[in-house]
Structure formats: C-alpha cells, structure tokens
Amino acid sequence: SAGGALVDNFEYELAHTPCATTLTQTFTCFARDVRATFPQFQWLADLGVESYCGVPFRTKGGAVSGLLVVMDTKPLENSDDLQTLLGVFAPRIAAEFERRRAEQEHAQALTNLHNVIETIPDIVFALNTQGNLVKWNRRLGDVTGYSHEELLNKPALAFVPPEEQPRTAAAIQLAFTEGYAELNGQLLTKDLRTIPYHWTGALLKNSHGEPIGIT
C-alpha cells in the first residue's frame, strides 16, 4: 500500500537494504536519513523514503517467513508506538500466511492424489454409508461401460451378478464394521459381461473419526 492505495507487487534484491537488516532483528527502525544509511538501494531514493521501520513475522517453528514494513517520506516520530502496532499485526499476518500455505499444500496433495488415481490401471471408487457410488476413477467407466451420469449414486451391488450379491454385501458390511475387507468375485459390466476381480475395501472417516463410506 502506498499513499492510501494498493499498488502492484514488485521485487528487489535484499542485499544493501534495510529489509536485510530487519530479517535478523526483532524490530528495526531508521527514524530519519535511511537513504544515507543505504545509499546503494536506489529504490529508496526513487520513492523519496526518509524513514523505515519493520518487524519480521515467523512460522510456528520460529523461522522468518516475511517482513511487515512501514516507510514514510518524512522523519518518523513515536517509534515505540509504531513498534507496538507492528508487533500486534505481525503475528496475525503470519497466521494468515500459514493458513494460505496449508491450503495450497492441501490443494496440491489432492491434485497429486487425483492424478495417481486417474493413471493407475486399477478400478478405484468410494461408496457412501448407504453403499452407493459417490467417487470413482476413469477406469471404472472404461471397464464397466457406464457413463458418469449412470455411475453417480449407483449401488455397489449393481456391479456384481445376483448370485454374488449376498457375499459382496457381507464384505461391504465387514469393511464398515472392521475397517477392512477383501473379496474375490465377478465384476458385472453394463452389457452383462463378467470379469474376475479381487476387491479390497477400507473404511473412510471424517475429521471427527465418524464413518462416511468405504473405498
């Protein structure tokens, strides 16, 4: 922010700048003549900066992840008040940075998982607690011949011959009650072909540990 308005992002080398000093201090303040202290940093002169104050903000592990900086075109008064203000805001900014980083890592992890599931040759799918299909990889449609619309909420027992449905239902129930189950059987396609398969099921839980389905 500059002059009461948001400005475009910019980059600069840290060497020979007050920011390089701030990275190693709990609070840095040049109340006047900051340009004379850092004559090689032309950017200060271009902006007409006279005073500079900054504090680092840190990750939960204590590593510096950024700086909160205030500059002015006139000498600074009441640096103690400014230090207090920056000290209040820096932890909040650090927490927001951490939240965004965690969100980005989570999104990347989901993307990586999706890519793996879509490229393996195996059928992968998830059932809700009613035993209906809610998520699956492309391979399921390729093998069974069903479209995406036909697969959504399709009962798991619709993929096995009638004579195998009781045994399959028991294995699904076992996955819910014991957390894991395996079964050898036949996969029934849309055109009523059967394909031998080995099925492995594991319980899915939400963040509170409650069962939400199986995969």
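Residues numbered from 1 in each chain as written. Predicted model: local features only at pLDDT ≥ 70, side-chain atom pairs only at ≥ 80, totals over all residues. Heavy atoms only, no water.

*Asks:* So what about the overall build of the protein? Which residues, and what values?
*Replies:* Helix and strand counts for the protein come out as seven helices and eight strands. Over its C-alpha atoms the protein spans a radius of gyration of 30 Å, topping by over 25% the 17 Å that the globule rule assigns to 215 residues. For the C-alpha atoms alone, the extent of the protein along its principal axes is close to 85 × 30 × 30 Å. Within the span of the protein, comprising 215 residues, buried residues form 30% of the whole. (Helix = DSSP H or I, 4+ residues; strand = E, 2+ residues; numbered from the N terminus. Rg over C-alpha atoms; globule rule 2.2 N^0.38 Å. Buried < 20%, exposed > 50% of the residue type's maximum accessible area, 1.4 Å probe, protein only.)

*Asks:* Please set out the state of the cysteines residue by residue, giving values where relevant.
*Replies:* Here, the word disulfide means a covalent bond between the sulfur atoms of two cysteines. Under the defined criterion, the tally for this structure stands at one disulfide. The disulfide partner of Cys29 is Cys53, and the gap between their sulfur atoms is 2.5 Å. You can see Cys29 sitting in strand S1 (residues 28-30) and its partner Cys53 sitting in strand S2 (residues 51-58), a full 24 residues away along the chain. For Cys29, a relative accessible area of 27% puts it in the partly exposed group. Free cysteine: Cys19, not disulfide-bonded; nearest cysteine sulfur from Cys53 at 12 Å. (Disulfide = S-S within 2.5 Å.)

*Asks:* Kindly report on the pattern of salt bridges, identifying the contributing residues and their values.
*Replies:* Tallied over the full model, the rule gives eleven salt bridges. Here Lys190 and Glu150 are joined by a salt bridge, their closest N and O atoms 2.8 Å apart. One end of the pair, Lys190, is in the loop between strand S6 (180-188) and strand S7 (194-205); the other, Glu150, is in helix H6 (residues 148-151), with 40 residues separating them in the sequence. On the basis of relative accessible area, Glu150 is assigned to the partly exposed category, the value being 33%. Salt bridges linked by common partners bring Glu96, Arg99, Arg100 and Glu103 together as one network. (Salt bridge = Lys/Arg side-chain N within 4 Å of Asp/Glu carboxyl O.)

*Asks:* So what's going on with the sheet that holds strand S3 (residues 64-72)? Residues and values would help.
*Replies:* If you trace the three strands from one edge of the open sheet to the other, you get S1-S2-S3, paired in antiparallel fashion. Edge strands, defined here as strands with exactly one partner in the open sheet, are S1 and S3. Taken pair by pair, the neighbouring strands of this sheet meet at an average axis angle of 15°, ignoring direction. Note: S1 against S2, three bridges, orientation antiparallel. Bridge pairing links Cys29 to Cys53 in S2. Relative to the sheet, helix H4 (residues 79-119) contacts S1, S2 and S3, its axis offset from that of S2 by approximately 35°. (Pairing = 2+ DSSP bridges. Axes fitted to C-alpha atoms, helices over the stretch in contact; angles between N-to-C directions. Contact = heavy atoms within 4.5 Å.)

*Asks:* Please give an account of the packing of aromatic side chains that cites residues and values.
*Replies:* One pass over the full model with this rule turns up nine aromatic pairs. Summarising the aromatic geometry, the rings of Phe57 and Phe97 are spaced 5.0 Å apart at their centres and angled 65° between planes, so their arrangement reads as edge-to-face. With a gap of 40 residues between them, Phe57 in strand S2 and Phe97 in helix H4 connect regions that are remote in the sequence. Judged by relative accessible area, which is 46%, Phe97 ranks as partly exposed. Geometrically, the ring pair formed by Tyr146 and Phe159 is edge-to-face, given 5.9 Å between the ring centres and 85° between the ring planes. One end of the pair, Tyr146, is in the loop between helix H5 (138-144) and H6; the other, Phe159, is in the loop between H6 and helix H7 (165-178), with 13 residues separating them in the sequence. Of the two residues, Tyr146 and Phe159, both sit in the buried class. Linked through ring pairs, Phe10, Tyr12, Phe41 and Trp43 together constitute an aromatic cluster. In this arrangement the basic side chain of Arg92 is found over the ring face of Phe89, its NZ or CZ atom lying 5.9 Å from the centre. (Phe/Tyr/Trp six-rings, centres within 6.5 Å; stacked < 30°, edge-to-face > 60°. Lys NZ or Arg CZ within 6 Å of the ring centre and 35° of its normal.)

*Asks:* Quick one: what's the story with the nonpolar core, residue by residue and with numbers?
*Replies:* Residues Phe125, Leu127, Leu133, Leu151, Ile172, Trp199 and Ile214 are the most contacted members of the largest nonpolar core, which totals 19 residues. For this core, the secondary-structure elements that each account for two or more residues are strand S4 (125-128), strand S5 (133-136), H5, H7 and S6. Broken down by element, this core gets its largest block of residues, four residues, from H7. Ignoring any residue separated from it by four or fewer positions in sequence, one finds Ile214 in contact with Phe125, Ala126, Leu127, Ile172, Ala175, Phe176, Trp199, Ala202, Leu203 and Leu204. Core analysis: the next-biggest nonpolar cluster, separate from the first, contains nine residues, Val55, Leu68, Ala90 and Ala94 among them. (Core = buried A, V, L, I, M, F, W, Y, C linked by side-chain atoms within 4.5 Å.)

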